[in-house]
Amino acid sequence: MGAPRDAARATEETWPGRDDSDHLRAAVAAAGAHKTPVTIRGSGSKAFLTESAAHAGASLSTLRHTGIVAYRPDELVVTARAGTRLDELARALGAHGQALPFDPPRFGGAGTVGGAVAAGLSGPGRPWLGSVRDAVLGVRIVNGLGQSLAFGGQVLKNVAGYDVSRLMVGAFGTLGLLLEASMRVQPAPEAVAVLAKDCSAEEAATVARGILRAPLPVTGTCHVDGVLRIRLAGSADGVRHARDTLGIDLEAEDDAFFDTVRDHAHPFFFREREPDSAGTLWRLSLPRGAAFDQPDTLVEWAGARAWWRTDAGPDAVHAAARAHQGFATPFGSGTSRTPAAVGKYMRRVKTAFDPDGILNPGAMADAD
Amino acid sequence: MRDPRVIELLKRSLPAASVITETRALGPFETDGLTAIRQKPWVVVLPETVEQVRAVLEICREHDTPVVTRGAGTGLSGGARPLADGVLLTLTKMNRVLEVDTDTCTARVEPGVTNLSITDSVAHHGLYYAPDPSSQLACSIGGNVAENSGGVHCLKYGLTVHNVLGITVQTIEGDQLVLGGKTLDAPGYDLLAAMIGSEGMLGVVTEVVVKLLPEPSVKRALLAAFDDIRQAGDAVAAIIRGGVIPAGLEMMDALAIKAAEDFAHAGYPRDAAAILLCELDGIEAEVEADIGRVRAILDDAGATETRLAATDAERETFWRGRKAAFPAAGRLAPDYYCMDGTIPRRELGAVLAEITALSERYGLSVANVFHAGDGNLHPLILYDSAQPGELEKAEALGGDILTLCVSVGGTVTGEHGVGVEKLDEMCVQFDSGELDQFHRLKAAFDPGGLMNPGKAIPTLARCSEIGGMHVHGGALPHPELERF
Ligand SMILES: Cc1cc2nc3c(=O)[nH]c(=O)nc-3n(C[C@H](O)[C@H](O)[C@H](O)COP(=O)(O)OP(=O)(O)OC[C@H]3O[C@@H](n4cnc5c(N)ncnc54)[C@H](O)[C@@H]3O)c2cc1C
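Residues numbered from 1 in each chain as written. Chains lettered and ligands numbered in written order. Predicted model: local features only at pLDDT ≥ 70, side-chain atom pairs only at ≥ 80, totals over all residues. Heavy atoms only, no water.

Trainee: So what exactly am I meant to see when it comes to the overall build of chain B here?
Mentor: When helices and strands are counted, chain B shows 18 helices and 20 strands. In terms of C-alpha radius of gyration, chain B reaches 23 Å, essentially the compact-globule figure of 23 Å for 484 residues. Reported as C-alpha extents along the three principal axes, the dimensions of chain B are approximately 70 × 60 × 45 Å. Across the 484 residues in chain B, those meeting the buried criterion constitute 63%. Taking the intrachain contacts of chain B between residues at least 6 apart in sequence as the baseline, contacts between residues at least 24 apart amount to 70%. Accessible surface computed for chain B: about 16600 Å², of which carbon and sulfur atoms make up 50%. (Helix = DSSP H or I, 4+ residues; strand = E, 2+ residues; numbered from the N terminus. Rg over C-alpha atoms; globule rule 2.2 N^0.38 Å. Buried < 20%, exposed > 50% of the residue type's maximum accessible area, 1.4 Å probe, protein only. Contact = heavy atoms within 4.5 Å. Areas by Shrake-Rupley, 256 points an atom, 1.4 Å probe, with all protein chains shown as cover.)

Right, here's the structure in full:
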């Protein structure tokens with residue numbers, strides 16, 4: 001459903017950028033030789049997520065390792081270096097009527113490919129369009145031994161060896177410094193519409209469950225401040241049909257609202273940053289269709305993700321998530337209480353990639 | 001090393017009928033779908049509960065006995081091939097659907113449940129489980145997880161990794177890992193992703209939570225015929241470039257068409273060099289628009305004929321031929337060897353032409369029927385194992401095809417796994433640092449190397465021994481190893 005369809009040509013598109021991989025690999029190898037930690041940084045837009053980490057050792061920036069290494073629109077795959085800015089990548093894809101499926105947040109407008117993969121944060125379309133991890137097809141990394149290694153590839157189906165590429169997603173660079181990633185892309189939608197309706201959390205959950213059971217081109221839901229919004233995206237005909245089926249009023253025909261949710265620019269997220277605001281912001285991962293009903297909450301992903309600002313202590317928050325068969329993680333620092341058995345294997349996996357623990361120590365609290 | 005106490009302890013922990021040691025009864029377990037390789041296991045166990053699985057693993061750990069996990073045994077790369085001195089842990093008795101949750105659109109199932117029976121048990125809710133390998137009537141969800149299996153619909157709906165939300169794994173050290181659940185994400189490293197496609201090397205999957213999708217309201221299928229296989233390959237790339245993501249996009253070549261037609265009478269044009277089957281699904285308005293678009297692209301690409309199935313029955317007839325292609329190929333020759341490489345779609349035409357040339361050089365026929373939309377080739381090499389040397393010839397031809405796939409930027413396995421079959425080709429695709437990293441990841445879960453030893457990842461020594469080593473940019477891939 002690409003908008004400027006004719007623009008999608010079969011030619012290889014690359015944007016040369018600059019290859020800094022020798023330097024990055026050598027820097028990790030040197031740190032390994034001295035057993036001194038390195039802190040890997042992209043644009044720093046998501047540094048607050050690992051703020052509590054003991055930022056020991058040298059800081060290593062991927063920002064000079066940039067460029068699109070390969071992009072063939074007819075393969076639905078793009079390969080980009082870690083320091084490539086997400087907005088530049090989006091422009092290159094947009095010229096061919098394509099986009100990354102997972103709408104990564106662009107905190108403060110910044111963000112790099114390496115940061116998006118390492119943080120593994122997916123945008124509002126996640127239940128319908130997939131996550132960062134779903135879209136990643138291959139990576140090149142430098143492991144803690146200073147070796148440059150490639151896993152996965154540029155094809156959609158590939159089961160040769162363990163799926164190391166997807167293991168890197170959300171690992172915050174603690175298993176390897178990402179040099180480049182190959183990701184699936186998809187046609188950008190021809191039409192977008194946002195429907196809005198005043199309703200309670202309970203009613204919103206009922207609507208979300210209905211949506212999960214109906215084959216409609218929905219690509220986002222958000223319930224906040226007593227209003228449920230539903231994003232439709234696809235062909236113009238499909239979007240019109242979905243509007244008629246759902247029978248909810250049209251609010252807008254663009255992505256502006258869902259962009260504020262995606263980038264945490266919605267006022268809900270700002271309240272948090274005011275100095276006198278009370279409570280901690282928690283991110284709850286819940287089953288789709290969950291009816292999570294608490295004050296000061298933003299619920300998206302058809303119920304599968306709730307942002308909850310609360311004074312309740314960690315025990316109470318984890319219990320609330322468990323009551324819905326879900327997980328809670330403080331947004332920012334802190335651990336998510338991984339079960340002991342799983343924690344044991346996470347630490348072993350960390351050791352398998354980074355035996356001396358030099359990569360981003362502290363950034364993945366659960367694996368320390 | 002067979003430690004006789006193992007059998008005794010297994011018999012004590014499991015019901016009598018669940019421990020098989022008599023040679024005759026072991027027969028059905030000596031091979032999986034890769035029938036060229038046969039090996040009887042020492043003992044087969046058929047646990048009925050998670051507790052029994054844990055007991056088997058504990059016995060194996062304490063007595064240093066290797067264990068191979070087996071689902072339905074339909075794997076095509078020898079992943080479930082037994083070991084002469086090992087335990088074959090077969091999960092077919094654990095085949096219950098434990099829970100269907102229509103609020104969260106998930107199902108929780110035991111590992112031995114067949115792929116198709118998941119959909120069968122939720123269909124009356126208008127839901128289904130998307131990945132649909134052609135073996136779906138028989139293969140188990142545990143096997144699907146272990147192989148990251150795909151099917152006809154993965155271009156649009158993804159592979160197993162995109163449709164499994166959670167698993168419970170038993171490790172050889174006796175830990176139970178609950179990874180993911182009914183949620184879309186879980187905190188910490190994505191061990192779930194690492195486990196999917198790990199071919200039984202890291203642990204035993206004892207429970208699976210799958211995502212269910214609503215059945216699309218409309219499904220339509222187009223059949224297009226070409227008198228040149230390259231044009232058919234180029235048409236595939238053109239459809240994707242045109243911004244359409246079909247639910248399925250499959251290709252068959254002349255040999256496969258004739259075989260399928262003789263077998264299933266699907267009404268395929270017998271004189272075509274290739275046909276494409278394109279399924280479009282979704283809501284009426286979108287599907288109608290896509291049909292128009294795809295038809296125009298097919299005509300532009302030089303299709304000699306395009307047919308739209310007028311009814312659901314006709315659509316099913318289109319697919320009947322495709323689904324029967326494997327058994328149909330089985331009638332062309334005494335044996336066939338199914339390959340599984342993936343290539344960038346733009347290389348389809350050229351690679352198919354090269355396969356034809358290889359087939360002539362080796363003097364063995366090759367039928368092609370495959371998932372064209374994802375560039376996933378399944379060349380079926382026809383041979384006769386009764387003829388001395390033919391199996392070896394078929395294997396050599398298969399190896400050449402996979403090397404060709406890697407050389408155009410693809411992979412040696414798209415969905416069937418490495419097993420024992422593609423160990424040598426792994427040496428072509430990965431260098432020693434990468435293989436080493438795989439071995440270290442394996443050791444994180446199974447330090448003693450008791451889980452499915454010898455599969456999936458070749459040892460560095462093996463890679464240095466095999467002939468025909470891939471030369472990468474003028475340098476041998478494993479310079480640190482001695483050459484023999
Ligand atoms: C005619 C035919 C058509 C096919 N079509 C397709 C297709 O379209 N797409 C596709 O992807 N595949 C296809 N296959 C291959 C095969 O069906 C799949 O790989 C399937 O997932 C294997 O499942 P299984 O239960 O038979 O596993 P098995 O063959 O028993 O085992 C396969 C591997 O999984 C491991 N394993 C099994 N269960 C578990 C468990 N519970 N925990 C840990 N490890 C486990 C085994 O150790 C082994 O390594 C086809 C096979 C045939 C014979």
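Trainee: Sorry, what's going on with the interface of chain B and chain A here?
Mentor: How big an interface is tends to be expressed through the accessible area that disappears when the partners come together. At the junction of the two partners, chain B supplies 93 residues and chain A supplies 74 residues. Taken together, both faces of the contact between chain B and chain A bury some 7000 Å²; the carbon and sulfur share is 59%. The three residues of chain B that bury the most area against chain A are Leu 184, Tyr 189 and Arg 241 of chain B, which together make up 12% of that side's buried surface. For the pair chain B and chain A, the interface holds 11 salt bridges. When the shortest N-O distance is used, the salt bridge between Asp 175 of chain B and Lys 344 of chain A registers 2.6 Å. Here chain B and chain A share 33 residue pairs in polar contact (both at pLDDT 80 or more) between them. Of all the elements in the fold, those that place two or more residues in the side of chain B that touches chain A are α6 (154-157), α7 (160-163), β9 (176-180), α8 (191-195), α9 (229-241), α11 (284-300), α16 (423-429) and α17 (432-445) of chain B. Examining the composition of the side of chain B that touches chain A, we find that nine residues originate from one element, α17 of chain B, more than from any other. Among the residues forming the side of chain B that touches chain A, the class breakdown is 41 nonpolar, 30 polar and 22 charged. (Buried area = accessible area lost by both parts, 1.4 Å probe. Salt bridge = Lys/Arg side-chain N within 4 Å of Asp/Glu carboxyl O. Polar contact = N/O pair within 3.5 Å; in protein donor to acceptor, adjacent residues only side chain to side chain. Nonpolar A, V, L, I, M, F, W, Y, C, P; charged D, E, K, R; others polar.)

Trainee: Help me understand the domain arrangement of chain A in this model?
Mentor: Residue and element names in this part refer to chain A. Considered domain by domain, chain A is made up of domain 1 (2-187 + 344-366) and domain 2 (191-330). Measuring from the centre of the C-alpha atoms in domain 1 to the corresponding centre in domain 2 gives 27 Å. Between domain 1 and domain 2, the contact holds 14 residues from the first and 17 residues from the second. Contact between domain 1 and domain 2 buries roughly 1400 Å² in total, counting both sides, with carbon and sulfur atoms accounting for 59%. Broken down residue by residue, the surface that domain 1 buries against domain 2 is led by Arg 106, Pro 124 and Trp 128, which jointly contribute 48%. Note that Arg 106 is salt-bridged to Asp 259, the shortest N-O span being 3.5 Å. At the surface where domain 1 touches domain 2, the tally comes to six residue pairs in polar contact (both at pLDDT 80 or more). Class assignment for the residues of the side of domain 1 that touches domain 2 results in eight nonpolar, three polar and three charged. (Domains from an automatic or database assignment.)

Trainee: Looking at this structure, how should I read helix α1 (residues 21-34) of chain A?
Mentor: Along an α-helix, residues three or four positions apart point the same way, because every turn accommodates 3.6 residues. Residues and elements named next belong to chain A. Here α1 is 14 residues long and its end C-alpha atoms lie 20 Å apart, about the 20 Å a rise of 1.5 Å per residue gives. Of the positions making up α1, those classed as buried are Ser 21, Leu 24, Ala 27, Val 28, Ala 31 and Gly 32. Angularly, the buried residues of α1 cover 135° about the axis, an arc narrow enough to put them on a single face. Residues Asp 22, Ala 33 and His 34 are exposed on α1 and point more than 90 degrees away from its buried face. Downstream of α1 by one or two residues, Lys 35 has phi in the positive range, about 55°. (Expected span 1.5 Å × (residues − 1). Arc of directions from axis to C-beta.)

Trainee: Hey, could you run me through the site of the ligand in this one?
Mentor: Residue and element names in this part refer to chain B. Around the ligand lies a shell of 33 residues, among which Thr 69, Gly 71, Thr 74, Ser 135 and Ser 140 are the nearest. A distance of 2.9 Å is found between a nitrogen atom of the ligand and a backbone nitrogen or oxygen belonging to Val 205. At a separation of 3.0 Å, a nitrogen atom of the ligand approaches a polar side-chain atom of Glu 415. When isolated, the ligand has an accessible area of 980 Å², and the protein chains bury 94% of it. Top contributing element to the shell around the ligand by residue count: helix α5 (residues 141-147), with five residues. (Near = heavy atom within 4 Å.)

Trainee: Help me out: how do you make sense of the domain arrangement of chain B in this one?
Mentor: Residue and element names in this part refer to chain B. If you check the domain split of chain B, you get domain 1 (4-90), domain 2 (97-214), domain 3 (218-328) and domain 4 (333-481). Centre-to-centre separation of domain 1 and domain 2, based on C-alpha positions: 23 Å. The interface of domain 1 with domain 2 comprises 13 residues on the first partner and 14 residues on the second. Counting each side, the surface lost to burial between domain 1 and domain 2 is near 1100 Å², with a carbon and sulfur contribution of 59%. Looking at the side of domain 1 facing domain 2, the largest losses of area belong to Arg 54, Leu 57 and Arg 61, adding up to 38% of the total buried there. For the pair domain 1 and domain 2, the number of links is zero salt bridges.

Trainee: Just checking my understanding: could you explain the confidence of the model for chain B for this structure?
Mentor: Detail in the predicted coordinates should be disregarded across regions flagged by low pLDDT. Residue and element names in this part refer to chain B. Summary statistics for chain B give a mean pLDDT of 93 and a share of 96% for residues scoring 70 or more. Throughout residues 468-484 the model reports pLDDT below 50, and contacts reaching past four residues in sequence, or to other chains, amount to 26 contacts. The ipTM assigned to the predicted complex is 0.93, against a pTM of 0.94. (pLDDT = per-residue confidence, 0-100.)

Trainee: Even after reading the chapter, I still don't get the sheet that holds strand β9 (residues 177-184) of chain A, so can you show me in this structure?
Mentor: Two strands in a sheet stick together by hydrogen bonds in their backbones, pointing the same way (parallel) or opposite ways (antiparallel). Residue and element names in this part refer to chain A. One open sheet holds the six strands; their spatial order is β1-β4-β5-β9-β7-β8, and the pairing between them is antiparallel. In this open sheet, the two strands that pair with only one neighbour each are β1 (15-18) and β8 (148-152). Direction aside, the axes of adjacent strands within the sheet are offset by 15° on average. Here strand β5 (residues 77-81) pairs with β9 via five bridges, running antiparallel. Residue pairing across strands places Arg 81 opposite Glu 180, the latter belonging to β9. Strands β1, β4 (66-72), β5 and β9 of the sheet are contacted by helix α2 (residues 86-94), whose axis makes an angle of about 25° with β4. (Pairing = 2+ DSSP bridges. Axes fitted to C-alpha atoms, helices over the stretch in contact; angles between N-to-C directions.)

Trainee: How should the pairing of strand β15 (residues 280-285) of chain A be read in this particular structure?
Mentor: Strand residues, when the strand is regular, have side chains that alternate between the two faces of the sheet. Residue and element names in this part refer to chain A. Pairing between β15 and strand β17 (residues 305-310): six bridges, direction antiparallel. Bridging across to β17, Trp 282 finds its partner in Trp 308. Bridge analysis of β15 against strand β18 (residues 327-330) gives four bridges, and the strand direction is antiparallel. Opposite Ser 285, over in β18, you have Phe 327 as the bridge partner.

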